[in-house]
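Report on the structure
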Amino acid sequence: MGSTGSIGTQTLQIAEEFPSQFKVVAMTAGRNLPLLAEQIKKHQPEIVAISEEDLIPKLKDLLKTTSNKGNSFKCPQIIGGKDGLNTVASWNSADIVVTGIVGCAGLLPTLSAIKAGKDIALANKETLIAAGPVVLPELKISGSQLLPADSEHSAIFQCLQGTPWEENARLSTGIPTPGLQGIQLTASGGAFRDWSIEELQKATIKDATSHPNWSMGKKITVDSATLMNKGLEVIEAHYLFGLDYKQIGIVIHPQSIIHSMIELSDSSVLAQLGWPDMKLPILYCLSWPKRLKTPWKSLNLSEVGELTFREPNTKKYPCMELAYSAGKEGGSMPAVLNAANEEAVALFLDEKIHFLDIPKLIEFTCEKHKKDFKEFPSLDDVLNVDQWARKIIRQEADRKKINFSQE
Ligand code: NAD
Ligand code: MG
């Protein structure tokens, strides 16, 4: 799902590299029709869904006009809209669904896939953050596996394999793992890791969307610059591994070679290392519990030179603290945090607010939600607070007439 995005295209590269292991049977995408048409011709899935139904004729035209590159080509079934996404997510011949849609838009399709008993390679972290209390019980009912594709959570998941409590560790469905003392999530520090708080006043969209180590979609790149991405990953880890928030730490590691660490009850620390390349965690989801042989470049620590670490600066990165406190609050609060963040980042990318307004608007919205807080939210509650938070952020941005000024 989200085949034309950063996670989607890397997933398709894996399918191309391992044709005897993986076959793409279904795909979904948003608006990038030329790339989607190319992907359809190459992978020949059984079914394709695009998020906007009225784009279907355009896609069909493109499929007629683009070259088949010498291959025989049978046009797949093409459907659209929210129902289309849900149909693809639960498509009969699929064993595993890679969720590479960005944002809370991935929630309903992911739930459809889980209800249909599919295993999930979870890249779309917003789904679990907004709706952990709804998603986890569904996993128990269907028996689906939630395999983390996020590099930090994959690192933790990999470190947990092969431990004496293997059976528990394998299931990342919120069950606490005996003997696991805590985890450290590593953070590159994002685009502004070497900027002072004063310099951040001048941050532009171009600055915020240039990641030093990873090539990712725009939204997550801005989340990395605010460190909200790491905050969201703390909540993701809480739900995936059944950890209390005081067991989850964050350390800035600018080289992005250690992807995260676990600490065991005897104080031993295990880490997973590799080049910063999302193909590895995606592949692990697809091959788990096996490992496949890849021709990918081996990690050479002499080439890396040094691995350094420092504590994150909470003054510079207020989003991180906002995420911890929404996570600790639990219930419907992470859904509000997530929606407020999505909307604030969209306003920033639209040049409607400044980079430093992002945490202010999120804090305002979370504070306002306290009086309508739901301790045990249903799916409808999650969807309602998501819409409410987006509306509040837009109203507040308008009311304050925050004017974006690019230097
Ligand atoms: P992206 O923006 O590159 O791609 C998003 C994909 O989702 C595109 O195919 C787009 O067409 C589709 N899409 C967007 N809005 C949609 C909607 N409303 N309905 C249906 N489809 C829609 O994003 P990305 O960087 O690939 O990130 C995808 C997800 O994976 C995010 O949740 C992100 O947090 C997570 N993730 C990404 C990376 C990475 O390296 N890119 C790493 C870890 C986690
Ligand atoms: Mg990550």
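Scroll up a little and you will see the structure.
Anyway, here's the lowdown on the structure attached to this text. (Residues numbered from 1 in each chain as written. Chains lettered and ligands numbered in written order. Predicted model: local features only at pLDDT ≥ 70, side-chain atom pairs only at ≥ 80, totals over all residues. Heavy atoms only, no water.)

**Things to note about the site of ligand 1**
Contacts to ligand 1 come from 23 residues, most closely from Thr4, Ile7, Gly30, Glu126 and Gly217. At 2.9 Å, a backbone N or O of Ile7 approaches an oxygen atom of ligand 1. Between ligand 1 and Gly30, the relevant distance is 2.8 Å, taken from an oxygen atom to a main-chain nitrogen or oxygen of the residue. Across the complex, the protein chains shield 83% of the 830 Å² of accessible surface that ligand 1 would expose by itself. Residue assignment for the shell around ligand 1 shows that the elements contributing at least two residues are helix 1 (6–17) and helix 6 (125–142). Partitioned by chemical class, the residues of the shell around ligand 1 number 10 nonpolar, 10 polar and 3 charged. (Near = heavy atom within 4 Å. Polar contact = N/O pair within 3.5 Å; in protein donor to acceptor, adjacent residues only side chain to side chain. Areas by Shrake-Rupley, 256 points an atom, 1.4 Å probe, with all protein chains shown as cover. Helix = DSSP H or I, 4+ residues; strand = E, 2+ residues; numbered from the N terminus. Nonpolar A, V, L, I, M, F, W, Y, C, P; charged D, E, K, R; others polar.)

**Quick notes on the pairing of strand 9 (residues 258–264)**
The buried count for strand 9 comes to 6 of 7 residues, which makes it a mostly enclosed element. Where strand 9 meets strand 10 (residues 269–273), 5 bridges bridge the pair, whose relative direction is antiparallel. Following the sheet pairing, Met261 is matched in strand 10 by Ala271. (Buried < 20%, exposed > 50% of the residue type's maximum accessible area, 1.4 Å probe, protein only. Pairing = 2+ DSSP bridges.)

**What about the sheet that holds strand 5 (residues 119–122)?**
One open sheet accounts for 3 strands, arranged 4-5-6; its pairing is parallel. Taken across any chain shown, the strands that pair with only one partner, and hence form the sheet edges, are strand 4 (96–99) and strand 6 (146–148). Each strand of the sheet is rotated relative to its neighbour by a mean of 25°, with strand direction disregarded. Sheet analysis places strand 4 next to strand 5, joined by 4 bridges and oriented parallel. Paired with Val97 across the two strands is Ile120, which belongs to strand 5. (Axes fitted to C-alpha atoms, helices over the stretch in contact; angles between N-to-C directions.)

**Description of helix 3 (residues 56–65)**
Along helix 3, the residues classified as buried are Ile56, Leu59 and Leu63. Seen along its axis, helix 3 keeps its buried residues to an arc of 65°; they face one direction. Within helix 3, the exposed residues directed more than 90 degrees away from the buried face are Pro57, Lys58, Lys64 and Thr65. Here the buried face of helix 3 lies against helix 2 (33–43), strand 2 (47–50) and strand 3 (77–80). (Arc of directions from axis to C-beta. Contact = heavy atoms within 4.5 Å.)

**Let's talk about the nonpolar core**
Membership of the largest hydrophobic core comes to 106 residues, with the highest contact counts inside it found for Ile183, Ile248, Leu337, Phe355 and Ile362. Examining the composition of this core, we find that 10 residues originate from one element, helix 16 (residues 333–349), more than from any other. Look past the residues within four positions of Ile248 in its chain and what remains in contact with it is Ile183, Leu185, Val234, Ala237, His238, Leu243 and Tyr324. One finds Leu12, Leu36, Val48 and Leu63 within the second-largest nonpolar core, a separate group that totals 16 residues. (Core = buried A, V, L, I, M, F, W, Y, C linked by side-chain atoms within 4.5 Å.)

**Points about the pattern of salt bridges**
Here the structure, examined in full by the defined rule, presents 21 salt bridges. Of the charged contacts in the structure, one is a salt bridge between Asp223 and Lys219, with a shortest N-O distance of 2.8 Å. On the criterion of helical spacing, the pair formed by Asp223 and Lys219 is a turn pair, its members being 4 residues apart in helix 11 (residues 218–226). The burial state of Asp223 is the same as that of Lys219; both residues are buried. When the shortest N-O distance is used, the salt bridge between Glu367 and Lys370 registers 3.2 Å. Judged by its relative accessible area of 47%, Glu367 falls in the partly exposed class. One network of salt bridges, in which partners are shared, links Lys125, Asp150, Glu152, Lys230 and Glu233. (Salt bridge = Lys/Arg side-chain N within 4 Å of Asp/Glu carboxyl O.)

**As for unusual backbone geometry**
With an omega dihedral of 5°, the bond running from Trp288 to Pro289 counts as a cis peptide bond. Secondary-structure assignment places Pro289 in the loop between helix 13 (279–287) and helix 14 (301–304). Residue Leu227 is not a glycine yet carries a positive backbone phi of 70°. Tracing the backbone through its elements, the reader meets Leu227 in the loop between helix 11 and helix 12 (228–241). By relative accessible area, Leu227 is classed as buried at 3%. Despite not being glycine, Ser267 shows a phi value in the positive range, around 80°. The topology assignment puts Ser267 in the loop between strand 9 and strand 10.

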